[in-house]
Amino acid sequence: MASNQSKRKIVKTNAEWKKELSPTAYEIMVDRGTEAPYHNAYYNNHEKGIYVSAATGEPLFSSADKFESGTGWPSFVKPLDMSKIEIVHDSSYGMDRDEVIEKSTGFHLGHVFDDGPANRGGKRYCMNSGAFKFVKK
């Protein structure tokens, strides 16, 4: 989304990000791509730890908030700190969705839906593994 570019607090050129990020992280975060379900690093990760941004190292999600959604992507009931993310409207691919971006970079992380566990707030933050690095506790 072009509007995300203007919201970036951490400003680097795409060429600089391309050097710093893995090809997968770049495709997901900068180009707003989506990785394949069930064929990504963390959908089936059950270890305890923190999911940090692949771009900034900022802690964004915790294994304590992860749940099995059956979608093939890592899903969380909430982020660690709502001030580190932003929800923006996404109408790509003919769908109306709520996109989750990292606030400091404007980079794509995934989407949030209202079909998460009701007893834990009802949200499903459906994230792309490639946007994260996992830090084991």
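Remember, predicted model here, so these are calculated numbers, not experimental data.

A. How the structure looks around the sheet that holds strand β1 (residues 49-53). Across the sheet, which stays open at both edges, the three strands sit in the order β2-β1-β9 with antiparallel pairing between neighbours. Edge strands, defined here as strands with exactly one partner in the open sheet, are β2 (59-62) and β9 (132-136). Geometrically, the sheet is characterised by an average inter-axis angle of 30 degrees between neighbouring strands, direction not taken into account. Examined bridge by bridge, β1 and β9 share five bridges and lie antiparallel to one another. Paired with Val52 across the bridge in β9 is Lys133.

B. View of the packing of aromatic side chains. Evaluated as defined, the whole model comprises ten aromatic pairs. With 4.8 Å between their ring centres and 75 degrees between their planes, Trp17 and Phe107 make a pair best called edge-to-face. With Trp17 in helix α2 (residues 14-20) and Phe107 in the loop between β6 (97-102) and β7 (108-113), this residue pair connects regions lying 90 residues apart in the sequence. In this structure Phe107 comes out as buried when scored by relative accessible area, which is 1%. A ring pair is formed by Tyr42 and Phe134, whose centres lie 6.0 Å apart and whose planes are at 45 degrees; its orientation type is tilted. Of the two residues, Tyr42 sits in the loop between α3 (23-30) and β1 while Phe134 sits in strand β9, which places them 92 residues apart along the sequence. Judged by its relative accessible area of 17%, Tyr42 is buried. Assessed through its relative accessible area of 18%, Phe134 is described here as buried. Among the aromatic residues, those joined into a cluster by ring pairs are Tyr42, Tyr51, Phe61, Phe76, Tyr125, Phe132 and Phe134. Its guanidinium or amino end placed over the ring of Trp17, Lys12 lies 4.7 Å from that ring's centre, counting from NZ or CZ.

Rules used in this analysis
- Residues numbered from 1 in each chain as written.
- Predicted model: local features only at pLDDT ≥ 70, side-chain atom pairs only at ≥ 80, totals over all residues.
- Heavy atoms only, no water.
- Pairing = 2+ DSSP bridges.
- Helix = DSSP H or I, 4+ residues; strand = E, 2+ residues; numbered from the N terminus.
- Axes fitted to C-alpha atoms, helices over the stretch in contact; angles between N-to-C directions.
- Phe/Tyr/Trp six-rings, centres within 6.5 Å; stacked < 30°, edge-to-face > 60°.
- Buried < 20%, exposed > 50% of the residue type's maximum accessible area, 1.4 Å probe, protein only.
- Lys NZ or Arg CZ within 6 Å of the ring centre and 35° of its normal.

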